[in-house]
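Secondary and tertiary structure notes
What follows is the residue order along each chain.
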Amino acid sequence: MTFEGQDITAQEGESVAAALLAAGITHLRQTPVSGHPRAPYCMMGACFDCLVNIDGVSNLQACVTPVREGMSVHSQVAEKDLLHEDG
C-alpha cells in the first residue's frame, strides 16, 4: 500500500491504521474546525479520529479497514461539506 505516495510495508490481516503506526505515521487527518492533527485513538471504530481517503473514497476508518495490496491511502484535511436546505 501507499500513504501519500510513500510505499508502506504491511502484514497480512492488519488494519490500515496499524500498518501506518508501525511505519511511524501518526498524523492521518486534520480536524475541520481547528485544523489540528488527529491520529488513531481507539483502534476499534468508535472515535473516528483515523478517517482517511482510500482509493478515492473519503471518510473511511483506517482502524477497521484491512490492508490490501495496491491500496492508495491519503490523509484528510476535513470532513466533506454537507449540503443544507432551507425550509
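Structure's up top.
Here goes a summary of the coordinates provided.

Moving on, we come to the overall build of the chain. Of the regular secondary structure elements, the chain holds one helix and seven strands. When its helices and strands are written in sequence order, the chain yields β-β-α-β-β-β-β-β. Here the contacts in the chain between residues at least 6 apart in sequence split such that 39% fall between residues at least 24 apart. Per element, the accessible surface of the chain, about 5700 Å² overall, is 51% carbon and sulfur.

Let us now look at the side chain of threonine 31. The topology assignment puts threonine 31 in the loop between strand 3 (29-30) and strand 4 (37-38). Using a relative accessible area of 16% as the deciding quantity, one classes threonine 31 as buried. If sequence neighbours within four positions are ignored, threonine 31 has contacts with His36, Arg38 and Val77.

The subject of this paragraph is the environment of glutamine 76. Considering the arrangement of structural elements, one finds glutamine 76 in the segment after strand 7 (72-74). Judged by relative accessible area, which is 6%, glutamine 76 ranks as buried. Each C-alpha atom, one on glutamine 76 and one on proline 32, is 9.4 Å from the other, the two residues being 44 residues apart in sequence. Other than its neighbours up to four places away in sequence, glutamine 76 contacts Leu28, Arg29, Gln30, Leu51, Val52, Asn53, Ser58, Asn59 and Leu60. From its side chain, glutamine 76 meets the backbone nitrogen of asparagine 59 in a polar contact 2.4 Å long.

By size, the foremost hydrophobic cluster in this structure holds 17 residues, and its most contacted members are Met1, Val16, Leu20, Leu28 and Val73. Broken down by secondary-structure element, the contributors of at least two residues to this core are helix 1 (16-22) and strand 5 (51-54). Beyond its immediate sequence surroundings of up to four residues, valine 16 is in contact with Met1, Ile54, Ala62, Thr65, Pro66, Val67, Met71 and Val73.

This next bit is on the pairing of strand 6 (residues 57-61). Across three bridges, the pairing between strand 5 and strand 6 is antiparallel. Along strand 6, the bridge assignment pairs isoleucine 54 with valine 57. In this antiparallel pair of consecutive strands, strand 5 and strand 6, the connection spans two residues, and aspartate 55 shows a positive phi of 50°.

Here we take up the environment of glycine 70. Tracing the sequence through the fold places glycine 70 in the loop between strand 6 and strand 7. Taking the relative accessible area as the measure of exposure, glycine 70 reaches 61% and is therefore exposed. For the pair glycine 70 and methionine 1, spaced 69 residues apart in sequence, the C-alpha separation works out to 4.9 Å. What glycine 70 contacts, discounting residues up to four positions off in sequence, is Met1 and Asp55.

Conventions we followed
Residues numbered from 1 in each chain as written. Predicted model: local features only at pLDDT ≥ 70, side-chain atom pairs only at ≥ 80, totals over all residues. Heavy atoms only, no water. Helix = DSSP H or I, 4+ residues; strand = E, 2+ residues; numbered from the N terminus. Contact = heavy atoms within 4.5 Å. Areas by Shrake-Rupley, 256 points an atom, 1.4 Å probe, with all protein chains shown as cover. Buried < 20%, exposed > 50% of the residue type's maximum accessible area, 1.4 Å probe, protein only. Polar contact = N/O pair within 3.5 Å; in protein donor to acceptor, adjacent residues only side chain to side chain. Core = buried A, V, L, I, M, F, W, Y, C linked by side-chain atoms within 4.5 Å. Pairing = 2+ DSSP bridges.

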